[in-house]
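Residue-level listing of the chains:
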Amino acid sequence: MSNEKVALITGITGQDGSYLTELLLEKGYTVNGIVRRTSNLLRSRIEHLRRDPKIYDKTLFLHYGDLSDTTTLRRIFREAQPRELYHLAGQSHVGLSFEIPESTCDEAGMATLRLLEIVRDQGQPVRFYHASTSEIFGSVVESPQTEGTPMRPTSPYGCAKAFATQLCRVYRQSYGLFVCNGILYNHESPRRGENFVTRKIARAAARISRGLDSELVLGNLDSKRDWGRAQDYVQAMWLMLQHDQPDDYVVATGDTHSVREFVEAAFAVVDLPWEKYVKRDAAFDRPMELTRLVGCADKIRKTLKWKPSGTFQDLVREMVEAELETLKN
Ligand code: NAP
Ligand code: G4F
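Residues numbered from 1 in each chain as written. Chains lettered and ligands numbered in written order. Predicted model: local features only at pLDDT ≥ 70, side-chain atom pairs only at ≥ 80, totals over all residues. Heavy atoms only, no water.

1. Concerning the packing of helix 1 (residues 15-26) against helix 8 (residues 230-242)
Describing two packed helices takes the angle between their axes plus the distance from one axis to the other.
Alright, step 1. The N-to-C vectors of helix 1 and helix 8 enclose an angle of 65°; their axes lie 9 Å apart at closest approach. Classified by chirality, the crossing of helix 8 by helix 1 is right-handed. Here Gln15, Asp16, Tyr19, Leu20, Leu23 and Leu24 of helix 1 lie close against helix 8, whose contacting residues are Ala230, Gln231, Val234, Gln235, Met237 and Trp238.
Alright, step 2. Class assignment of the residues belonging to the contact of helix 1 with helix 8 gives a composition of 8 nonpolar, 3 polar and 1 charged. (Axes fitted to C-alpha atoms, helices over the stretch in contact; angles between N-to-C directions. Helix = DSSP H or I, 4+ residues; strand = E, 2+ residues; numbered from the N terminus. Left-handed = near helix turned anticlockwise from the far one by under 90°. Contact = heavy atoms within 4.5 Å. Nonpolar A, V, L, I, M, F, W, Y, C, P; charged D, E, K, R; others polar.)

Structure follows, in structure tokens:
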């Protein structure tokens, strides 16, 4: 195929997949996305693109597939002939990975191996982005964490991602494949899944302010995360695959806040006293909890000139205001 700007995205219907698709389409790419068969055809995060006749089946193509289905994945590669693969798919909830460890590990771990093998067999070079995570650092030995910080994961999800991260390094070193690990810290947006803590808080603050809910039940309020904007983080993914050398990069803000601080900021947007509405329930605690994660993004800042935009307060406000907007409809 003559057009080199051909991308394949696993996880196109997810938070990151949807923003990445918009970014790549803006840059003139042909984008192929793998979608699962579901009982409901509505794929809310990319529905606006699917309904656009200038985009859908012109520069955006959707292929049915599943990470467990290698023969179909190979066929999609044959049809789409991608030059860049963004592997984002898989069960991504850390808490749930304790409840469904086997499928989580298959999707986050083994599926990466399947894709690396497919990429190794391609006639043309394919640049491979792997969605690694700060969860690989687990019970951290240093703060902030860098690309060289040892992996000590503490959840089935973290273990599977650590396996996949190291496998990507092995394939890069052994076969010379262009494979990058983006070691991304938590990144959020109005498109975040509803059972992640930031979206859950933003949604509850908006609904309580409109009298639609009366309380917000949360787990550990003391854990701290390095929260950035998803829109900035998909830019980092693209930059990694444009560089002349494949490498691993931490993508983070370097700033860390507790869940409690997120709650305070969200309820401040709607001018309500959070203590009145927030309840604690140990049912949301994890068997093992990471109390504090914070990343050092010096390498990607220097090498790829990436930087995060906005502040923590801006992010919280954006998410709460988006929820308030939804309630108007
Ligand atoms: P997400 O919103 O949960 O999206 C996950 C995507 O994977 C969805 O498109 C989902 O499809 C798809 N998927 C799940 N299992 C699949 C399977 N068996 N076959 C095919 N597709 C499957 O996740 P995200 O926040 O966009 O994150 C993207 C990736 O980055 C994930 O791998 C996540 O682990 C990783 N990551 C995320 C963060 C973060 O803070 N967001 C940080 C570090 C790393 P359906 O729509 O059909 O469910
Ligand atoms: O929003 P969370 O579920 O995100 P978590 O566990 O940090 O994982 C996210 O970020 C990772 C990158 O660091 C990604 F790899 C992963 O795919 C995912 O995107 O929880 C954040 C914190 C945790 O400490 C959790 O225990 O919030 C705490 N928390 C407190 N109450 C809660 C709740 N988390 C959730 N989901 N729901 C609660 O009610």
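2. Topic: helix 11 (residues 312-328)
Alright, step 1. Taking 1.5 Å per residue, 17 residues should reach 24 Å; helix 11 reaches 25 Å between its end C-alpha atoms and fits that length.
Alright, step 2. For helix 11, the complete set of buried residues consists of Phe312, Leu315, Val316, Met319, Val320, Glu323 and Leu324. Buried residues in helix 11, looked at end-on, bunch into an arc of 165°, giving them a common side.
Alright, step 3. Each element contacted by the buried residues of helix 11 is listed here: strand 7 (187-188), helix 7 (197-209), strand 10 (228-229), strand 12 (257-258) and helix 9 (259-269). (Expected span 1.5 Å × (residues − 1). Buried < 20%, exposed > 50% of the residue type's maximum accessible area, 1.4 Å probe, protein only. Arc of directions from axis to C-beta.)

3. So, the packing of helix 7 against helix 9
Alright, step 1. Two numbers describe how helix 7 lies on helix 9: the axes approach to 9 Å, and their chain directions differ by 30°. Taken as axis vectors, helix 7 and helix 9 run roughly parallel relative to one another. Note that helix 7 runs across helix 9; the crossing there is right-handed. The segment helix 7 lies against helix 9, with Val197, Thr198, Ile201, Ala205 and Ile208 engaging Val259, Phe262, Val263, Ala266 and Phe267.
Alright, step 2. Partitioning the contact of helix 7 with helix 9 into residue classes produces 9 nonpolar, 1 polar and no charged. (Parallel < 35°, antiparallel > 145°, perpendicular 65-115°, else oblique.)

None of this, on its own, says anything about what the molecule does.
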